[in-house]
Amino acid sequence: MKAAIARKHGGPEVIEIADVPPPPPLSHPSLSPDSVLLAVRAAALNHLDLWVLRGLPGLELDFPHIGGADMAGTVAEVGAGVEGFAPGDRVLVNPGLWDGECEWCLKGEESLCQSYRILGEHVNGGFAELIAVPARNLLPIPDDLTFVEAAAVPLAYQTAWRGLMRRAALQAGETVLVTGASGGVATAAIQIARHAGATVYAVTSGSENVRRVRELGAEHVIDRSEASPPSPPPPPFSEAVWKLTGKRGVDVVFDSVGAAIWSDVMRVLAKNGRLVTYGATTGADAQINIRHVFWKQLQIIGTTMASRSEFEQVMSLVFAKKLEPVIDVVFPLERAREAYERLASGEHFGKIILTVGD
Ligand SMILES: NC(=O)c1ccc[n+]([C@@H]2O[C@H](COP(=O)([O-])OP(=O)(O)OC[C@H]3O[C@@H](n4cnc5c(N)ncnc54)[C@H](OP(=O)(O)O)[C@@H]3O)[C@@H](O)[C@H]2O)c1
Ligand SMILES: [Zn+2]
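Residue numbers run consecutively from 1 along every chain, following the written order of its sequence. Numbering of ligands from 1 and lettering of chains from A proceed in the order in which they are written. Per-residue local features of the predicted model are confined to residues with pLDDT of at least 70, and side-chain atom pairs are confined, for both listing and counting, to 80 or more; whole-chain, interface and lining totals are unaffected and use all residues. Excluded from the side-chain calculations are hydrogens and water; all other atoms, namely the structure's heavy atoms, are used.

1. Observations concerning the sheet that holds strand 4 (residues 65-66)
Move 1: Read across the open sheet, the three strands follow the order 2-1-4; overall the sheet is antiparallel. Edge strands, defined here as strands with exactly one partner in the open sheet, are strand 2 (15-19) and strand 4. Pairs of strands are assigned from DSSP output, requiring at least two bridges between the strands. Think of it this way: any DSSP run of H or I at least four residues long counts as a helix, any run of E at least two long counts as a strand, and we number them from the N terminus.

What follows is the structure, given as structure tokens:
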């Protein structure tokens, strides 16, 4: 089958299109009888694909590696133990893999599973014509949702949903600051925060992004882009947020930019504020002023992916068109390297998608 593969670690330049063996037959002992063979029709990139390509501490890839956590397609074959799905069904895939047996799975907290893994990271992903996945990871998609739209949502929307709604317990009437606002998860977060009845502040780069972030529902948008010399660099975004909130600050910050902005993030939080951290794009060793934490009585809350039930909740809002996938650009699988390059350049707004087949 055709796939976008990496034979070694590196940047987008190591991505190549190759013919690789398809997944083993569903009766193979390496697969559970509850597996399904999916004909992938669309798959989305996530920043995760860049981290995996570069190499993550403790992650041993089996080369050639196929990336891609997010995918949608049609069921091609079902294993002997599968109920409720048949060949031809249009589905999207939850990219989280859990064992269903550990303390956390038994509590319905699948993303805390002791052996939690992600498609395209710990095992091969969806930048290929075919993939075998557990049937419990599938959700049927409505006829009016395209494969491209369906592939854009699973990872980003579940991360934003759990982070804001479950971990931060965001309430209507609260204020939220979303950083890195043009990103895949951030564009989902802006919509989810609006859906929850919160007022959204956002930081992004460039006037076109400012316009699009406003269109998504952010009321106050700050441009972080560097002014060109001899103009002075823009002041830290905390100054703007401080002014805009009448020196109160915001109730929740939703951040994955990480180290480069954490001191600013601590400043913009209101008393009793919550920082939800879901990534560290600019680095993981942040400086924090502990006095901000105890004096303002802040909470720092980590979040990763979502439980199975949270995933289903947020997908039902997408299926009902209450949340709309933000698509940056669609490339055929053959142009996967360009897709990785665009993600690495940071010029995208929302999700970059690869289509597979015709
Ligand atoms: N914990 C989890 O479950 C989970 C899930 C998904 C993603 N993540 C992590 O979260 C991060 C975002 O993922 P994504 O897929 O949404 O990524 P993405 O689409 O690449 O978005 C990242 C955004 O961060 C902003 N940014 C990048 N470099 C920056 C810098 N130097 N200074 C300030 N802002 C910068 C940019 O937005 P602007 O130009 O608009 O500022 C960029 O669009 C990644 O680190 C990813 O690994 C974690
Ligand atoms: Zn488990």
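2. As for the coordination of the zinc ion (ligand 2)
Move 1: Within the protein, the atoms that donate to the zinc ion (ligand 2) are D99 (OD), C102 (SG), C105 (SG) and C113 (SG), at distances of 2.1 to 2.3 Å.
Move 2: In this listing, donors mean N, O and S atoms no farther than 2.8 Å from the metal, or 3.2 Å for Na, K and Ca; water is missing from the atoms, so a site can look incomplete. Every angle between 85 and 135 degrees makes a four-donor site tetrahedral, while opposite donors more than 155 degrees apart, with all other angles between 65 and 115, make a four-donor site square planar and a six-donor site octahedral; other sites are irregular. Here the zinc ion (ligand 2) is ringed by four donor atoms whose angles at the metal span 97 to 122°, and the overall shape comes out tetrahedral.
Move 3: Here the donor residues of the zinc ion (ligand 2) share one chain and are spaced in sequence as D-x2-C-x2-C-x7-C.

3. What to know about the packing of aromatic side chains
Move 1: Only Phe, Tyr and Trp rings are paired, with Trp represented by its six-membered ring, and only when their centres lie within 6.5 Å; those with planes under 30 degrees apart are stacked, over 60 edge-to-face, the remainder tilted. Evaluation of the coordinates by the stated rule reveals two aromatic pairs.
Move 2: Measuring from centroid to centroid gives 4.4 Å for F254 and Y278, while their planes differ by 20°, and the two rings are stacked. Highlighted residues: F254 in strand 14 (residues 250-255) and Y278 in the loop between strand 15 (269-277) and helix 9 (290-295), separated in sequence by 24 residues.
Move 3: Charge-over-ring placement is defined geometrically: NZ (Lys) or CZ (Arg) within 6 Å of the ring centre, and within 35 degrees of the ring normal. The ring of F147 is capped by R90, whose NZ or CZ atom sits 4.5 Å from the centre of that ring.

4. Points about the sheet that holds strand 11 (residues 175-178)
Move 1: Taken in spatial order, the six strands of this open sheet run 13-12-11-14-15-16, and their pairing is parallel. The outermost strands of the open sheet, each flanked by one partner alone, are strand 13 (220-223) and strand 16 (299-302). Strand-to-strand twist of the sheet, defined as the mean angle between neighbouring strand axes without regard to direction, takes the value 20°.
Move 2: Contacts: residue pairs with any heavy atoms within 4.5 Å of one another. Between N-to-C directions, angles span 0 to 180 degrees; the directions come from axes that are lines fitted to C-alpha atoms, helices contributing only their stretch in contact. In the packing of helix 5 (residues 184-195) onto the sheet, contacts are made with strand 11, strand 12 (199-204) and strand 14, and the angle to strand 11 comes to roughly 170°.
Move 3: Helix 7 (residues 237-244) contacts strand 11, strand 12, strand 13 and strand 14 of the sheet and is inclined by roughly 155° relative to strand 13.

5. Considerations on the site of ligand 1
Move 1: By nearness alone, 26 residues border ligand 1, and H47, S182, T204, S205 and Y278 come closest of all.
Move 2: Polar contact criterion, stated in full: a pair of N or O atoms within 3.5 Å, where within protein one must be able to donate a hydrogen and the other to accept it, and residues adjacent in sequence count only if both atoms are side-chain atoms. For ligand 1, a nitrogen atom lies 2.9 Å from a polar atom in the backbone of Y278.
Move 3: One nitrogen or oxygen atom from the side chain of T281 is found 2.9 Å from an oxygen atom belonging to ligand 1.
Move 4: What sets the accessible areas is the Shrake-Rupley method with a 1.4 Å probe; for residues, cover comes only from the shown protein chains. Across the complex, the protein chains shield 86% of the 920 Å² of accessible surface that ligand 1 would expose by itself.
Move 5: Think of a 1 Å grid over the protein atoms and nothing else: a 1.4 Å probe that fits but is trapped marks a cavity, an open set flanked by protein within 12 Å on at least five of seven lines marks a pocket, and residues with an atom within 4 Å of a point count as lining. To be counted as sitting in a cavity or pocket, a molecule needs more than half of its atoms within 2 Å of that site's grid points. A molecule is said to occupy a pocket when more than half its atoms come within 2 Å of that pocket's grid points, and by this definition ligand 1 occupies the largest pocket.
Move 6: Split by residue class, the shell around ligand 1 holds nine nonpolar, 16 polar and one charged.
Move 7: These domain boundaries are the output of an automatic or database domain assignment. Two domains each provide a minimum of three residues to the shell around ligand 1, namely domain 1 (2-153 + 325-355) and domain 2 (157-302). Any residue with at least one heavy atom within 4 Å of a molecule or strand is counted as near it. Charged means Asp, Glu, Lys or Arg here, nonpolar means Ala, Val, Leu, Ile, Met, Phe, Trp, Tyr, Cys or Pro, and polar covers whatever is left, Gly included.

6. Notes on the domain arrangement of the protein chain
Move 1: Domain parsing of the protein chain yields domain 1 (2-153 + 325-355) and domain 2 (157-302).
Move 2: The term buried area denotes the loss of accessible surface (1.4 Å probe radius) that occurs when two parts are joined, taken as the sum for both partners. Of the roughly 1200 Å² buried between domain 1 and domain 2, counting both surfaces, carbon and sulfur atoms make up 49%.
Move 3: The working definition used for a salt bridge is a side-chain nitrogen of Lys or Arg within 4 Å of a carboxyl oxygen of Asp or Glu. Applying the counting rule to domain 1 against domain 2 returns two salt bridges.
Move 4: R166 is the salt-bridge partner of E109, the closest N and O atoms lying 2.7 Å from each other.
Move 5: Counting across the interface, domain 1 meets domain 2 through five residue pairs in polar contact (both at pLDDT 80 or more).

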